[in-house]
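Single-letter residue listing:
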Amino acid sequence: MVVEITKQKHDLQNGNGKTIPQRDVQSLKEEIRKIVKEKNAVVLTHIYQRLEVQDIADHIGDSLALSRAAARTNADIIVFCGVHFMAETAKLLNPVKTVLLPDLQSGCPMADMISVDDLRAFKAEHPGAPVVCYVNSSAGVKAESDVCCTSTNAVQVVSSFKEKEVLFVPDKGLGVWVQERLPDKKLHIYDGFCPTHYQITPKDVFVMREKYPEAVVVAHPECDPEVWRLADFVGSTSQIYKFVSNHSKEQFIILSEQGLVARMQRDMSHKTIVTTFPLPLCPNMKYHKLESVLNSLINNVNEIEIRADVFQKAAQTITKMFEITESDPAKNTNLWEGPRKQAVEA
Ligand code: SF4
């Protein structure tokens, strides 16, 4: 079964199907922006968020882009519209700033698949091997790791080690992707995965290819390797956006989360951009609503706190990632600027 683009657009605009009257949405957006300015706050929004939550952002991007935006902000308060580990990353980069997560239910099931004890046991099985943790992990797991990575820079980070054997946690989809790019390395890959990206099956891809035979198939490496091996291009969220934006073809099948698809449908309305069905929708990314953002801002609720005994070590894994990948941690690439600034695509 496939979904026509018009139906997809309708579903995506309405989030979980609950439509907020237009005037309320507009007044909420205006009030949020007014308070953001008054409180010298900044709103960082992941591109998997609802479109209306993207509309009130100062910066929209993927994990890496938002980490960079967090590293360079002069705001006193960071309102993070993403999942918990992303807000933790912002806090690790801004120890003295207030970081708010509008809805605390917004966790990441993949990050929850590995605990500190799980990682210690994994390390004990492979003594001496350095640990690379995907940014989709808790501060505690980051503190037990040597360096952090994102899907944009995972290959670069893993290849920076002189050791042949490297532990990669927690995402097996991305881990296999990195292993296949670095055949001289021996990766020991943890058995975590993204339930949203793993929902996409090879059969779903075949169905869509039949429906759109001219389409270019684009996948995120968090998908099952059996799925991303069917794609014409595999890349991180920001790389997918750039690839589709710059490509001369008009039809694309996107094997990734629907928020990215919705954003590209809106930004590139002259192209046909579809995904599989059922929609690969991460429910954890959709908890934040305009009302919860406003509440968080007004009342300073849901502040992110990180245990003192893990803070410094966890922050070091992120700093080390930036040291490996770029000379300037605050360098702004892969970032979609929000409505307060003109679009910048590096
Ligand atoms: S899309 Fe997957 S990896 Fe991203 S927050 Fe949702 S469950 Fe976690």
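Sequence order sets the numbering: in each chain, residues are counted from 1 along the sequence as written. The predicted nature of this model means local features are confined to residues of pLDDT at least 70 and side-chain atom pairs, given and counted, to a pLDDT of 80 or more, with totals for whole chains, interfaces and linings taken over all residues.

A. Quick peek at the overall build of the protein chain. Strands are runs of DSSP state E lasting at least two residues, helices are runs of H or I lasting at least four, and both sets are numbered from the N terminus onward. The secondary structure content of the protein chain amounts to 17 helices and 13 strands. By sequence separation, contacts in the protein chain at least 24 residues apart represent 65% of the contacts at least 6 residues apart. By the criterion used throughout, residues are in contact when their C-beta atoms, derived from the backbone, lie within 7 Å.

B. Summary view of unusual backbone geometry. That bond from V169 to P170 is cis: its omega, -15°, falls within 30 degrees of zero. Tracing the chain through its elements places P170 in the loop between β7 (165-169) and α10 (172-181). A cis amide bond links F277 to the next residue, P278, at an omega of 0°. As for its position among the elements, P278 is in the loop between β12 (272-274) and α16 (290-299). In this model, N40 sits at a positive phi of 50°, which is unusual for a non-glycine residue. Relative to the helices and strands, N40 resides in the loop between α2 (22-38) and β1 (41-46).

C. Representation of the packing of helix α5 (residues 84-93) against helix α17 (residues 308-325) within the structure. Convention adopted: a line fitted to C-alpha atoms gives each axis, helices being fitted over their contacting stretch, and angles between N-to-C directions are expressed from 0 to 180 degrees. The N-to-C vectors of α5 and α17 enclose an angle of 100°; their axes lie 9 Å apart at closest approach. Comparing the axis directions of α5 and α17 gives the class roughly perpendicular. Across the interface between the two elements, T89, L92 and L93 from α5 touch F311, A314, A315 and I318 from α17. Classification convention: Asp, Glu, Lys, Arg as charged; Ala, Val, Leu, Ile, Met, Phe, Trp, Tyr, Cys, Pro as nonpolar; all other residues, Gly among them, as polar. For the contact of α5 with α17, the residue count by class is six nonpolar, one polar and no charged. Just so you know how the angles are binned, under 35 degrees is roughly parallel, over 145 roughly antiparallel, 65 to 115 roughly perpendicular, and the rest oblique.

D. Fine view of the sheet that holds β7. On the basis of which strands lie adjacent, the open sheet formed by four strands has the order β6-β5-β7-β8 and parallel pairing. Looking at which strands have only one partner, the edges of the open sheet turn out to be β6 (147-149) and β8 (186-189). With direction set aside, neighbouring strand axes in the sheet form an average angle of 30°. Taken together, the four bridges between β7 and β8 define a ladder with parallel strand orientation. Bridge pairing links V166 to L187 in β8. Only when DSSP finds a minimum of two bridges between them are two strands counted as paired.

E. Structural view of the pairing of strand β11 (residues 251-255). Within β11, four of the five residues are buried, leaving the element largely enclosed by the surrounding structure. Relative to β12, β11 is paired through three bridges, and the arrangement is parallel. Residue F252 lies in a different strand from β12, and its bridge partner there is I273. Here is how to tell: hold the view so the strands point away, follow the path from the first strand over the helix to the second, and if it runs clockwise the crossover is right-handed. After leaving β11, the chain enters helix α15 (residues 258-267) and then returns to the sheet as β12, a path that is right-handed. Exposed residues have 12 or fewer other C-beta atoms within 10 Å of their own C-beta, buried residues have 20 or more, and partly exposed residues fall in between, where C-beta atoms are placed from the backbone.

F. Spatial organisation of the sheet that holds strand β9 (residues 216-219). An order of β10-β9-β11-β12 is seen for the four strands of this open sheet, with the pairing classed as parallel. Each edge of the open sheet is held by one strand with a lone partner, namely β10 (233-234) and β12. Two elements, β9 and β10, share two bridges in a ladder whose sense is parallel. Considered in β10, the bridge of A219 is made with V234.

G. Here's a closer look at the nonpolar core. Think of a nonpolar core as buried Ala, Val, Leu, Ile, Met, Phe, Trp, Tyr and Cys residues, each tied to the set through C-beta atoms within 7 Å. L44, V79, F80, V132, V169 and L255 are the most contacted members of the largest nonpolar core, which totals 102 residues. Sequence-distant contacts of F80, that is, excluding residues within four places in its chain, are made with L44, M86, A87, A90, V99, L100 and L101.

H. Just the confidence of the model for the protein chain, in detail. When pLDDT is averaged along the protein chain, the result is 89; 88% of the residues meet or exceed 70. Here pLDDT means the predictor's own confidence in every residue, given as a number from 0 to 100. Predicted confidence is poor over residues 328-346, with pLDDT under 50, and the contacts of this stretch with residues over four places away or in other chains come to 40 contacts.

I. Up close: the environment of A215. For A215, the position within the fold is in the loop between α12 (202-211) and β9. Here A215 falls in the partly exposed class, since 19 other C-beta atoms lie within 10 Å of it. Expressed as a C-alpha distance, the spacing of A215 and Q251, which sit 36 residues apart in the sequence, is 4.5 Å. Excluding its chain neighbours within four sequence positions, the residues that come into contact with A215 are Q251, F252 and I253.

J. Fine view of the site of the ligand. We call a residue near a molecule or strand when its C-beta atom, built from the backbone, sits within 6 Å of it. Looking at the ligand, there are 14 residues lining it, with C108, M110, C194, T196 and C282 nearest. Secondary-structure elements contributing two or more residues to the shell around the ligand are α6 (109-112) and α11 (195-198). Ranked by residue count, the leading element in the shell around the ligand is α11, at three residues. Of the residues assigned to the shell around the ligand, the class counts are eight nonpolar, four polar and two charged.

K. The arrangement of helix α14 (residues 237-246) in detail. Taken residue by residue, α14 has T237, S238, I240, Y241 and V244 as its buried positions. The buried residues of α14 all sit within an arc of 160° when viewed along its axis, so they share a single face. Buried positions along α14 lie against β2 (59-61), α4 (63-72), β9, β11, α15 and β12. The arc in question is formed by the directions pointing from the helix axis toward the C-beta atoms.

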